[in-house]
Amino acid sequence: MTQDEMKIKAAEAALEYVVTGAIVGVGTGSTVNHFIDLLAGIKNKIEGAVSSSEASTQRMQAHGIKVYDLNDVGDIPVYIDGADESDHYLNLIKGGGGALTREKIIAGASKKFVCIADESKLVDVMGKFPLPVEVIPMARSFIARELVKLGGQPVWRENFITDNGNIILDVHNLEIMDAVKLENDINKLPGVVTVGIFANRPADVLILGTPNGARTVYSK
Ligand code: 5RP
């Protein structure tokens, strides 16, 4: 089975978490794109969606799924999104697609965060995937120096601007042993908008696509 087929297995299993008659939070990425295509099949059973990126908004609207502004809705029962890495506590690295800030906002506004991924994303220690950090453009060099002090090797994601008009630094060579601490340490640097560690608000459920179908993982 290909990696993409495993992503589809995870996306299919996530449909069961969608609450009838409610708003669903929708993330960003190739796994979520499969979820959006499947959500289109039950669009008449939901009120609509809130979206974590312009890309996901466009894809949902093309399917005729109503997309609401987060300011116009209350608590969201379920948020479905992918990840670049997850550890066994369901702490995540996200932001490979650059949508980490809006993803973190919707995850925070949602009662349940269901993460969908192929099985390669579950790791013992996060950090092999370069950690995305969204930064206000004028702070780029300053934040890069601060990230070096924290032990990383930041690389500017060139020719990329986030939906919020900011830049991304991808931090290589990290071994994330204390995800909450690193999330807090990077978040407090002035000029950082969001760090792609989701540990203060980890996923509640991780659905992994495997060659044998979907496997649900709960925090250790
Ligand atoms: C986007 C993300 C994605 O969820 C993450 O990059 C995983 O993407 P994919 O499903 O394509 O592997 O955080 O900002």
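Residues numbered from 1 in each chain as written. Predicted model: local features only at pLDDT ≥ 70, side-chain atom pairs only at ≥ 80, totals over all residues. Heavy atoms only, no water.

Caption draft 1: Spatial organisation of helix 1 (residues 3-14). Across its 12 residues, helix 1 extends 17 Å between first and last C-alpha, which sits within 8% of the 16 Å expected from 1.5 Å per residue. Turning to helix 1, the residues buried within the fold contact helix 2 (30-39), strand 4 (76-81), strand 7 (110-118) and strand 13 (205-210). (Helix = DSSP H or I, 4+ residues; strand = E, 2+ residues; numbered from the N terminus. Expected span 1.5 Å × (residues − 1). Contact = heavy atoms within 4.5 Å.)

Caption draft 2: How the structure looks around the side chain of Asn91. Following the sequence through the fold, Asn91 ends up in the loop between strand 5 (85-86) and strand 6 (92-93). Reaching out from Asn91, the side chain makes a polar contact with the side chain of Asp87 at a distance of 3.0 Å. Apart from the residues within four sequence positions on either side, Asn91 is in contact with Glu85, Ser86, Met126, Ala179, Phe198, Ala199 and Pro202. (Polar contact = N/O pair within 3.5 Å; in protein donor to acceptor, adjacent residues only side chain to side chain.)

Caption draft 3: Representation of the sheet that holds strand 5 in the model. One open sheet holds the 3 strands; their spatial order is 5-6-12, and the pairing between them is antiparallel. Because the sheet does not close on itself, it has two edges, and the strands there are strand 5 and strand 12 (197-198). One ladder, built from 2 bridges, connects strand 5 with strand 6; its direction is antiparallel. Pairing of Ser86 across the sheet is with Leu92, part of strand 6. (Pairing = 2+ DSSP bridges.)

Caption draft 4: Region of the structure containing the site of the ligand. Around the ligand, a shell composed of 17 residues is seen, among which Ser30, Thr31, Asp84, Gly95 and Lys121 lie nearest. Contact between the ligand and Lys121: an oxygen atom at 2.7 Å from a side-chain N or O atom of the residue. Surface burial for the ligand is 91%, taken as the share of its 380 Å² of free accessible area covered by protein chains. In terms of residue class, the shell around the ligand is made up of 2 nonpolar, 9 polar and 6 charged. (Near = heavy atom within 4 Å. Areas by Shrake-Rupley, 256 points an atom, 1.4 Å probe, with all protein chains shown as cover. Nonpolar A, V, L, I, M, F, W, Y, C, P; charged D, E, K, R; others polar.)

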